[in-house]
Amino acid sequence: MISIKELINRAKRGPSDLVSLDLSTTSVKALRMKKAEGGGTILAAGILPGVPIPAPFAEASERIEPLELPKNLRGKYACITIPGHGTVVKLLSFPGNFGAKEEAQLSEQLGLEEPEKYRIGYKLITSGKARSETKVLAVATPENVAAALCQLLPAGIPAPYSIELSGLAGMSALLQREDMTQSNSAIGAIAFGDEISYLALFHDGALALVRKFDLGTNTILNKIRQSLGVDLETAKGILADGSFDISQPVSEATDPFLKQLVISRDFVERRENCHVSKIYASGSILTCNDWTSEIKKRLGLDVEAWNPMEGLSLTPNAIPSELVGREFEFSSAIGAALGAFEES
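Residues numbered from 1 in each chain as written. Predicted model: local features only at pLDDT ≥ 70, side-chain atom pairs only at ≥ 80, totals over all residues. Heavy atoms only, no water.

(A) The overall build of the protein, seen in detail. Along its length, the protein carries 10 helices and 14 strands. With the principal axes as the frame, the protein shows a C-alpha extent of 70 × 55 × 45 Å. Counting over 344 residues, the protein shows a buried share of 47%. Considering only contacts in the protein between residues 6 or more positions apart, those separated by 24 or more positions represent 66%. On the protein, roughly 17,200 Å² of surface is accessible, and the fraction owed to carbon and sulfur atoms is 49%. (Helix = DSSP H or I, 4+ residues; strand = E, 2+ residues; numbered from the N terminus. Buried < 20%, exposed > 50% of the residue type's maximum accessible area, 1.4 Å probe, protein only. Contact = heavy atoms within 4.5 Å. Areas by Shrake-Rupley, 256 points an atom, 1.4 Å probe, with all protein chains shown as cover.)

Take a look at the structure:
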């Protein structure tokens, strides 16, 4: 007979079967996973049509139709990741330990003028003691966006479990790599989205800096359209196949991001007394050689694409043939799932 204590412990466990949904207006990357020793097992993956994401702080959000998931992607729970329009992301430092007093200061430290309009979440990066500091990654998401997205899964399974930022979830998947925890290693990570991108720098496996940028692949596509006088679909083809010299529009579109990348790298190297030796990246931008060449020119480092499914087990036919070679597009979905498993 099961004891009361065992029942309570079971209730505290996190999900072991879930679908992770990386949302954007152009597509939904969906990935179903089961918890397994050493991480998780991928059961199925697919790319679905995009969904409308409410504008931040909109007084009357448009109705969002429920998301129709194929049977093979219906886990018991769902992790949702979003690009992050209107969100605030900061790596904060607090002297000594982090407790209730410091938690109450988060909205002020994030610079929120109307904190009641946000949902605030945080994660301890390093725990300080009496004479050291605690680093906290804090995120504030517009309340109306988080509330509206629950309409995607209004009843039955999967049930909503978490909402987080796509770029940060992708970083969680990257942290599973063994070289991220090597002593005295400093590694950069870029999550390049359609409209919003994230930069993170890690030292000894701990987050040392994080930045959010309101530009992405669409910024480059618009510049190509203006420069070459082509439509959107043609611009996408040019970006993907490399048949045209688009180094100039790519450089112009990404110059603000690249300048901040160099500044951020130099700042972390001075503060942490380290040397950034690798840059990992994820996103469809990886098909653009001109973009990766620009980063190498500025930093003297190659951009390495990484397979977020590396080290995970897969059931037969989990990845459809048309998605083979596009595993990097699922980094956010995988990171969100692995984060949920860690909580269980």
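(B) Main features of unusual backbone geometry. Omega for the peptide link from Ile 157 to Pro 158 comes to 0 degrees, which places this bond in the cis form. Assignment of secondary structure puts Pro 158 in the loop between α4 (143-149) and β8 (159-165). Despite not being glycine, Phe 57 shows a phi value in the positive range, around 65 degrees. With respect to the element layout, Phe 57 can be found in the loop between β3 (39-49) and β4 (77-82).

(C) Focus on the sheet that holds strand β2 (residues 27-36). Read across the sheet, 6 strands follow the order β8-β4-β1-β2-β3-β14 without closing on themselves; strand pairing throughout is mixed. Both outer strands of the open sheet, β8 and β14 (313-314), are each paired with one neighbouring strand and no more. Two elements, strand β1 (residues 17-23) and β4, share 5 bridges in a ladder whose sense is parallel. Paired with Ser 20 across the strands is Cys 79, a residue of β4. Across the sheet, helix α5 (residues 166-174) is in contact with β1, β4 and β8; its angle to β8 comes to roughly 95 degrees. (Pairing = 2+ DSSP bridges. Axes fitted to C-alpha atoms, helices over the stretch in contact; angles between N-to-C directions.)

(D) Inspection of the packing of aromatic side chains at higher detail. Across all of its chains, the model carries 7 aromatic pairs by this definition. A centroid spacing of 5.0 Å and a plane angle of 80 degrees characterise the contact between Phe 213 and Phe 257, whose relative ring orientation is edge-to-face. With Phe 213 in strand β11 (residues 206-213) and Phe 257 in helix α8 (residues 247-272), the pair connects residues that are 44 residues apart, well separated along the chain. According to the relative accessible area criterion, Phe 257 is buried, its value standing at 1%. Each member of the aromatic cluster is reached from another via a ring pair, and the members are Phe 192, Phe 213, Phe 257 and Trp 291. (Phe/Tyr/Trp six-rings, centres within 6.5 Å; stacked < 30°, edge-to-face > 60°.)

(E) View of the environment of Thr 234. Mapped onto the elements of the fold, Thr 234 is located in helix α7 (residues 232-241). In this structure, the C-alpha to C-alpha distance between Thr 234 and Tyr 122, residues 112 residues apart in sequence, is 41 Å.

(F) Broad picture of the sheet that holds strand β10 (residues 197-203). Spatially, β11-β10-β9-β12-β13 is the arrangement adopted by the 5 strands of the open sheet, whose pairing is mixed. A strand with exactly one partner marks an edge of an open sheet, and here the two such strands are β11 and β13 (303-305). The average undirected angle you get between the axes of adjacent strands in this sheet is 25 degrees. Alignment of strand β9 (residues 186-192) against β10, held across 7 bridges, turns out to be antiparallel. Looking at the pairing, Gly 188 lines up with Leu 201 of β10.

(G) Layout of the pairing of β11. Pairing analysis gives 7 bridges linking β10 to β11, with the strands arranged antiparallel. Within β11, the position partnered with Tyr 198 by the bridge is Lys 212.

(H) Highlighting the environment of Lys 71. In this fold, Lys 71 is placed in the loop between β3 and β4. Taking the C-alpha atoms as reference, Lys 71 lies 43 Å from Phe 98; in sequence the two are 27 residues apart.

(I) Quick peek at α7. Those residues of α7 lying buried are Ala 235, Ile 238 and Leu 239. An end-on view of α7 places all buried positions within 95 degrees of arc, on one side of the element. In α7, the exposed positions angled more than 90 degrees off the buried face are occupied by Glu 233 and Asp 241. Where α7 is buried, its residues touch α6 (217-228). Once α7 finishes, Gly 242 follows within two positions and takes phi at roughly 70 degrees, a positive value. (Arc of directions from axis to C-beta.)

(J) Spatial organisation of the packing of α5 against helix α10 (residues 331-342). Here α5 crosses α10 at 70 degrees, and the two axes come no closer than 7 Å. By the angle class used here, α5 and α10 are roughly perpendicular. Where α5 abuts α10, its residues Ser 166, Gly 167, Ala 169, Gly 170, Ser 172 and Ala 173 lie against Ser 331, Ser 332, Ile 334, Gly 335 and Ala 336. (Parallel < 35°, antiparallel > 145°, perpendicular 65-115°, else oblique.)

Remember, this is a structural readout, not a statement about activity or role.
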